Amino acid sequence: EDQVTQSPEALRLQEGESSSLNCSYTVSGLRGLFWYRQDPGKGPEFLFTLYSAGEEKEKERLKATLTKKESFLHITAPKPEDSATYLCAVQANTGFQKLVFGTGTRLLVSP
Amino acid sequence: GAGVSQSPRYKVAKRGQDVALRCDPISGHVSLFWYQQALGQGPEFLTYFQNEAQLDKSGLPSDRFFAERPEGSVSTLKIQRTQQEDSAVYLCASSTGAYQPQHFGDGTRLSIL
């Protein structure tokens, strides 16, 4: 069964204090790994897709990396507006389109 | 451009009532997905449509849950004889095709009293 585990569950940072979020996964065959941001009362907002080990993608203060067993979301010099829940999801290459999500990391960045 | 639109945003129903939740996907998106999100959890897959065809309904928790997309655009998720455990946020997502990023609406928060 495909499974995603995210850590930590919650993370509190000071503005400018860089850190990383972890996403460990087991999947029968990885088609893609997705990172989403979710604000309270909103739907998940797409950030990145990673397809193969060694791949990296960046967007502003965020950088996502992928290995064969886990992905990291690095946040460099975060700002209060980066506060949100970050969700990781995997999609298998079995022919099914569904995303399997982790429970997310709640990030709070204080000024 | 317009994103995925879901209505109603909030729905309160008494146990045993039937409810219908609507999803308007992004124009031109052929793939449509429904997910259920409990408080503090990640979304869980319910069902998937490619145009009007329901290709995967493996996540529907019981036969009280039914989804349709008759003309390949708007979709409706129907829950019959609602139970308290059905209380959750129901999210709809759409994508341009196979294995493309899924874009989510803001969901319908369903509360069963």
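Here, every reference points to the structure presented above.
The next subject is the overall build of chain A. Scanning chain A from terminus to terminus reveals zero helices and eleven strands. Ordering the α and β elements of chain A from the N terminus gives β-β-β-β-β-β-β-β-β-β-β. Against the compact-globule benchmark of 13 Å for 111 residues, chain A has a radius of gyration of 14 Å, which places it among compact chains. Across its three principal axes, chain A shows a C-alpha extent of roughly 45 × 30 × 20 Å. Out of the 111 residues belonging to chain A, those deemed buried represent 48%. Within chain A, residue pairs in contact and separated by at least 24 positions form 55% of the contacts whose partners lie at least 6 positions apart. As displayed, chain A has an accessible area near 5,500 Å², and 47% of this comes from carbon and sulfur atoms. In chain A, the 13 positive side-chain charges and the 14 negative ones have mean positions that sit 3 Å from each other.

A few words on the pattern of salt bridges. Residue and element names in this part refer to chain A. Applying the stated rule across the entire model yields eight salt bridges over all chains. With its nearest N and O atoms 3.8 Å apart, the salt bridge here joins Lys57 to Glu55. Using a relative accessible area of 30% as the deciding quantity, one classes Lys57 as partly exposed. Relative accessible area serves as the criterion here: at 19%, Glu55 is assigned to the buried category. In this structure, Arg61 engages Asp82 in a salt bridge whose closest nitrogen and oxygen atoms are separated by 2.8 Å. Taken together, the positions of Arg61 in the loop between strand 6 (56–59) and strand 7 (62–66) and Asp82 in the loop between strand 8 (70–75) and strand 9 (84–92) put the pair 21 residues apart, joining distant regions of the chain.

This paragraph deals with the state of the cysteines. Such a bond, covalent and formed between the sulfur atoms of two cysteines, is termed a disulfide. Across all of its chains, the model carries two disulfides over all chains by this definition. Note that A:Cys23 is cross-linked by a disulfide to A:Cys88, the S-S spacing being 1.9 Å. On the sign convention where negative means left-handed, the S-S torsion of about -60° between A:Cys23 and A:Cys88 marks this disulfide as left-handed. One end of the pair, A:Cys23, is in strand 3 (residues 19–26); the other, A:Cys88, is in strand 9, with 65 residues separating them in the sequence. The burial state of A:Cys23 is the same as that of A:Cys88; both residues are buried. Between the sulfur atoms of B:Cys23 and its disulfide partner B:Cys92 the distance amounts to 1.9 Å. Taking the sign of the torsion about the S-S bond as the criterion, the disulfide between B:Cys23 and B:Cys92, at about -65°, is left-handed. Placement of B:Cys23 in strand 3 (residues 19–24) and of B:Cys92 in strand 9 (residues 88–95) is noted, with a sequence separation of 69 residues between them. Considered together, B:Cys23 and B:Cys92 belong to a single accessibility category, that of buried residues.

Taken as a whole and assessed by the stated rule, the structure comprises ten aromatic pairs over all chains. Relative to B:Phe45, the ring of B:Tyr35 lies with its centre 5.9 Å away and its plane at 75°, an arrangement referred to as edge-to-face. Separated by ten residues along the polypeptide, B:Tyr35 in strand 4 (residues 31–37) and B:Phe45 in strand 5 (residues 44–50) bring together distant segments of the chain. Per residue, the accessibility class of B:Tyr35 equals that of B:Phe45, and both read buried. Here a set of aromatic residues connected by ring pairs shows up, and it is made of A:Phe34, A:Tyr36, A:Phe46, A:Phe101, B:Phe33, B:Tyr35, B:Phe45, B:Tyr48 and B:Phe104. We note A:Arg31 situated over the ring of B:Tyr99; from NZ or CZ to the ring centre the distance is 4.3 Å. Here the guanidinium or amino end of B:Arg9 rests over the ring plane of B:Tyr10, the centre of that ring lying 5.6 Å away.

What counts and what doesn't
- The written sequence of each chain sets the order in which its residues are numbered from 1.
- Written order decides the labels, with chains lettered from A and ligands numbered from 1.
- Owing to the predicted nature of the model, reporting of local features is limited to residues with pLDDT of at least 70; listing and counting of side-chain atom pairs is limited to 80 or more, with chain, interface and lining totals taken over all residues.
- Only hydrogens and water are removed before side-chain values are computed, so all heavy atoms of the structure are retained for them.
- Helical segments are the DSSP runs of H or I of at least four residues, strand segments are the runs of E of at least two, and each set is numbered from the N terminus.
- The globule rule is 2.2 Å times the number of residues to the power 0.38, and the radius of gyration it is compared with is taken over C-alpha atoms.
- Residue burial is assigned from relative accessible area. The probe radius is 1.4 Å, only protein chains are included, and a residue is buried under 20% of its type maximum, exposed over 50%, and partly exposed in between.
- What makes two residues a contact is simply this: any of their non-hydrogen atoms within 4.5 Å.
- The Shrake-Rupley method, run with a 1.4 Å probe sphere, supplies the accessible areas, and residue values consider only the shown protein chains as cover.
- Neither His nor the chain termini are counted; the positive set is Lys and Arg, and the negative set is Asp and Glu.
- Charge placement uses NZ in Lys and CZ in Arg. For Asp and Glu, CG and CD serve respectively.
- In what follows, salt bridge is the name for a side-chain nitrogen of Lys or Arg lying within 4 Å of a carboxyl oxygen of Asp or Glu.
- We call a pair of cysteine sulfur atoms a disulfide when they lie within 2.5 Å.
- What counts as a ring pair is set by centres within 6.5 Å for rings of Phe, Tyr and Trp (its six-membered ring), and what kind of pair is set by the plane angle: stacked under 30 degrees, edge-to-face over 60, tilted for all other angles.
- By definition here, charges over rings are those cases where NZ of Lys or CZ of Arg is within 6 Å of the ring centre and within 35 degrees of the ring normal.

By themselves, these observations are geometric and do not establish any function.
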